Amino acid sequence: YFGERTLTFTPEFAGSRRFSDLTVAANLGARLRRGVADDVGSLDAGHEVIFRAAARYDYEKIAAAPLSADLTWEGFTQLTSPFEASNTRGSELLAALGYLLDAGNRVNVKLFVGGGFGLQPAYSIPDYRALAGITVQRQPAPQDQHDDGR
């Protein structure tokens, strides 16, 4: 990956909602940049609309283990001509399983593995994708409910 030669600005609106063990989220935004021309595949990419919809289900109550499953659909299309060239719009579907480790000290550590595939082929959308990782999240200190220092 060689990047782009000019500045790119990517504002997004994001929202999420938790319903007991199910969390849903959606993002909608734009990738604003000067046109990117490539001799390979007749690519001429300009400003894009980008989108993402996701869901996570926490299986801890059902499985008696700190497991979660994630499903994400994401993609993009050209802002000025969204239905013109098929190689300038694409989407992919990703799925992952996560396991939350008990790290203590108000720190959550989650291991995850997953994969996905391209639903609509285009530049930056792979035929298949495999992923694995670790997320670390520090939890806030408990609030003093009675203002007595405990």
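Residues numbered from 1 in each chain as written. Predicted model: local features only at pLDDT ≥ 70, side-chain atom pairs only at ≥ 80, totals over all residues. Heavy atoms only, no water.

Caption draft 1: Focus on the overall build of the protein. The secondary structure content of the protein amounts to one helix and nine strands. Counting from the amino terminus, helix and strand elements in the protein follow one another as β-β-β-β-β-α-β-β-β-β. In the protein, which comprises 150 residues, the share counted as buried stands at 22%. About 10,800 Å² of surface is accessible on the protein, with carbon and sulfur atoms providing 58% of the total. (Helix = DSSP H or I, 4+ residues; strand = E, 2+ residues; numbered from the N terminus. Buried < 20%, exposed > 50% of the residue type's maximum accessible area, 1.4 Å probe, protein only. Areas by Shrake-Rupley, 256 points an atom, 1.4 Å probe, with all protein chains shown as cover.)

Caption draft 2: Representation of the environment of Thr-8. Tracing the chain through its elements places Thr-8 in the segment before β1 (12-19). Sequence separation between Thr-8 and Arg-33 is 25 residues; the distance between their C-alpha atoms is 4.8 Å. With residues up to four places along the chain from it excluded, the contact list for Thr-8 reads Arg-31, Leu-32 and Arg-33. (Contact = heavy atoms within 4.5 Å.)

Caption draft 3: Focus on the pairing of strand β8 (residues 107-120). Strand direction decides the pairing type here: strand β7 (residues 90-102) and β8, joined by twelve bridges, are antiparallel. The partner of Leu-100 across the bridge, within β8, is Lys-110. Where β8 and strand β9 (residues 128-138) come together, eleven bridges link them in antiparallel fashion. Directly across from Val-107, in β9, lies its bridge partner Arg-138. (Pairing = 2+ DSSP bridges.)

Caption draft 4: Spatial organisation of the sheet that holds β8. Taking strand neighbours across the sheet as the criterion, the seven strands line up as β1-β2-β5-β6-β7-β8-β9 in an open arrangement whose pairing is antiparallel. Among the strands making up the open sheet, the edge pair consists of β1 and β9. Adjacent strand axes in the sheet meet at a mean angle of 15 degrees, parallel and antiparallel pairs treated alike. Of the strand pairs in this sheet, strand β2 (residues 22-31) and strand β5 (residues 48-58) are connected by ten bridges, and their pairing is antiparallel. Looking at β5, one finds that Leu-22 is bridged to Tyr-57. (Axes fitted to C-alpha atoms, helices over the stretch in contact; angles between N-to-C directions.)

Caption draft 5: Fine view of unusual backbone geometry. Positive phi, normally seen in glycine, also occurs at Ser-20, with a value near 55 degrees. Backbone geometry places Ala-64, a non-glycine residue, at a positive phi of 55 degrees. On the secondary structure map, Ala-64 appears in the loop between α1 (60-63) and β6 (67-78).

Caption draft 6: Geometry of the pattern of salt bridges. One pass over the full model with this rule turns up eight salt bridges. Put simply, Arg-52 and Glu-12 hold a salt bridge, and the shortest N to O gap is 3.6 Å. Placement of the pair is Arg-52 in strand β5 and Glu-12 in strand β1, with a sequence separation of 40 residues. According to the relative accessible area criterion, Arg-52 is partly exposed, its value standing at 31%. Two residues, Arg-129 and Glu-92, come together in a salt bridge whose shortest N-O distance is 2.9 Å. With Arg-129 in strand β9 and Glu-92 in strand β7, this residue pair connects regions lying 37 residues apart in the sequence. (Salt bridge = Lys/Arg side-chain N within 4 Å of Asp/Glu carboxyl O.)

Caption draft 7: Expanded view of the side chain of Asp-70. Within the secondary structure, Asp-70 is located in strand β6. Here the side chain of Asp-70 touches Arg-56 through a polar contact of 2.6 Å, side chain to side chain. Excluding residues within four positions of it along the chain, Asp-70 makes contact with Ala-55, Arg-56, Leu-94, Ala-95 and Ala-96. (Polar contact = N/O pair within 3.5 Å; in protein donor to acceptor, adjacent residues only side chain to side chain.)

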